[in-house]
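Summary of structural features
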Amino acid sequence: MQRHRLLMLIVMMVALPSALYAVGMEGFVDEVFLQTETVGKVRFSHSFHGTGCGECHPKIFKKMNNSNHVDMKAMEKGKSCGACHNGKKAFTVAENCTKCHAGDIFYRDKENGNVTFSHSAHTDMFGCDECHPDLFKAERGANKQTMEAMEEGQYCGACHDGSSAFSVAEDCESCHDM
Ligand code: HEC
Ligand code: HEC
Ligand code: HEC
Ligand code: HEC
Ligand code: HEC
Ligand code: HEC
């Protein structure tokens, strides 16, 4: 490589990061995932929330992933996401759980019929902690569920036992799309 080209390269390698640093963009990624202890990761989209960095940094969030842990109670009092998600500026954290947390879960099964687990149908009746983390790790596909285990009262079978809810031993088609 010619000397002046090498020099240019070195200048660029130094200049680019410092330019990004100067405008506060270093380390910027569009999607961040906030890790909770019990209920999995929460996705946050920068691009959806716009370019007014100062609305959030550094007052509400330090610019480092997983460095701002609060619980939902604090959020309801206006901390973290709750600074805006208060039912006035944006939908409230006191409801709408599945907008930020967990959507539908799909289990594909060609032989027995796919199963759709609707979080929202269940979170209307139960708190997260009635299922996470004791019955299910809050991670898609992280739980080895068999019908046998369910019939012994594990996983879905903890409730779908024919008394709290329809039974895993009978109502196949209530879960399996046959
Ligand atoms: C609506 C609020 C909001 C706005 C506006 C916002 N951010 Fe963020 N930013 C966050 C949140 C939330 C996190 C994750 C914090 C955590 O995980 O504890 C984050 C994290 C970051 C991180 C750390 C990423 C990492 O992987 O460690 C950087 C860098 C960052 N933001 C830069 C910016 C820049 C630059 C802008 C403007 C273009 C911006 N942010 C606008 C909320 C916001
Ligand atoms: C605006 C988005 C948003 C909404 C709406 C929301 N959450 Fe959260 N939730 C989060 C984020 C982000 C975290 C991680 C916070 C952290 O680690 O700082 C979290 C953490 C949690 C946690 C673990 C921490 C704790 O408080 O024990 C639970 C449980 C939880 N949420 C349940 C709920 C329930 C139940 C609802 C509905 C009543 C809900 N969330 C609504 C964003 C949201
Ligand atoms: C500076 C204010 C502000 C903060 C802080 C903020 N949001 Fe939002 N967010 C908004 C606004 C405004 C909207 C759009 C209005 C609405 O949907 O009610 C929105 C919408 C959303 C949506 C809906 C996006 C979609 O695709 O429809 C999600 C999900 C969300 N926010 C998650 C979060 C999470 C998670 C946090 C915290 C880590 C957070 N927000 C922090 C202002 C904020
Ligand atoms: C009735 C039981 C039940 C309740 C209540 C429940 N979940 Fe789940 N959750 C599940 C099941 C089942 C899965 C899928 C696990 C698997 O695929 O192995 C899951 C998965 C998840 C995942 C991982 C999603 C992914 O895409 O990887 C998150 C995050 C989660 N739940 C959060 C929550 C939060 C937050 C609440 C409360 C607002 C909640 N769950 C309430 C049963 C429940
Ligand atoms: C904490 C208890 C509990 C657990 C765990 C649970 N369910 Fe449910 N589920 C219920 C109750 C209660 C109902 C409503 C009563 C009924 O329909 O018998 C219900 C209703 C349903 C319905 C009908 C409503 C709808 O979504 O359309 C389906 C399907 C379902 N559950 C699937 C599942 C699957 C799949 C799992 C495991 C991945 C599961 N459930 C785990 C308690 C639970
Ligand atoms: C409460 C909902 C629910 C009911 C009711 C239910 N299942 Fe399942 N079934 C599931 C879920 C969830 C899985 C696991 C999918 C995965 O993890 O990939 C599963 C998996 C299976 C599997 C593959 C795993 C294994 O154990 O071999 C078979 C076969 C099966 N179901 C048959 C049945 C039959 C037959 C019935 C009726 C007697 C039934 N299921 C009733 C939810 C249900």
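Residues numbered from 1 in each chain as written. Chains lettered and ligands numbered in written order. Predicted model: local features only at pLDDT ≥ 70, side-chain atom pairs only at ≥ 80, totals over all residues. Heavy atoms only, no water.

**Focus: the coordination of the iron atom of ligand 5**
Reference values for coordination geometry: four tetrahedral donors around a metal ideally subtend 109.5 degrees, six octahedral donors ideally subtend 90 or 180 degrees. For the iron atom of ligand 5, the full set of protein donor atoms is His-122 (NE2) and His-160 (NE2), and the range of their distances to it is 2.0 Å. Here the iron atom of ligand 5 is ringed by six donor atoms whose angles at the metal span 86 to 179 degrees, and the overall shape comes out octahedral. In this pair, His-122 sits in helix α6 (residues 119-123) while His-160 sits in the loop between α7 (147-151) and α8 (172-175), placing the two residues 38 residues apart along the sequence. Judged by relative accessible area, which is 12%, His-160 ranks as buried. (Donors = N, O, S within 2.8 Å, 3.2 Å for Na, K, Ca; no water. Tetrahedral: all angles 85-135°; square planar, octahedral: opposite > 155°, others 65-115°. Helix = DSSP H or I, 4+ residues; strand = E, 2+ residues; numbered from the N terminus. Buried < 20%, exposed > 50% of the residue type's maximum accessible area, 1.4 Å probe, protein only.)

**Here's the deal with the confidence of the model for the protein chain**
When pLDDT is averaged along the protein chain, the result is 88; 91% of the residues meet or exceed 70. Highest mean pLDDT in the protein chain belongs to α7 (97); lowest belongs to helix α1 (residues 3-22) (66). (pLDDT = per-residue confidence, 0-100.)

**What about the site of ligand 2?**
Neighbouring ligand 2 are 20 residues; His-69, Met-72, Cys-97, Cys-100 and His-101 lie closest to it. Between ligand 2 and His-69, the relevant distance is 2.6 Å, taken from an oxygen atom to a side-chain nitrogen or oxygen of the residue. Between ligand 2 and Met-72, the relevant distance is 2.8 Å, taken from an oxygen atom to a main-chain nitrogen or oxygen of the residue. Breaking the shell around ligand 2 down by element, the ones donating at least two residues are α4 (72-76) and α5 (97-100). Considered class by class, the residues forming the shell around ligand 2 number twelve nonpolar, six polar and two charged. (Near = heavy atom within 4 Å. Polar contact = N/O pair within 3.5 Å; in protein donor to acceptor, adjacent residues only side chain to side chain. Nonpolar A, V, L, I, M, F, W, Y, C, P; charged D, E, K, R; others polar.)

**Topic: the pairing of strand β2 (residues 41-45)**
Looking at chain direction, strand β1 (residues 31-35) and β2 are connected through five bridges and run antiparallel. Looking across to β2, one finds that Glu-31 is bridged to Ser-45. Counting the residues between successive antiparallel strands, the hairpin from β1 to β2 contains five residues, one of them, Gly-40, with a positive phi of roughly 75 degrees. (Pairing = 2+ DSSP bridges.)

**Things to note about the side chain of Ser-80**
Checked against the element boundaries, Ser-80 lands in the loop between α4 and α5. Judged by relative accessible area, which is 9%, Ser-80 ranks as buried. In contact with Ser-80, other than residues within four places in its own chain, are Ile-60, Phe-61, Val-70 and Met-75. (Contact = heavy atoms within 4.5 Å.)

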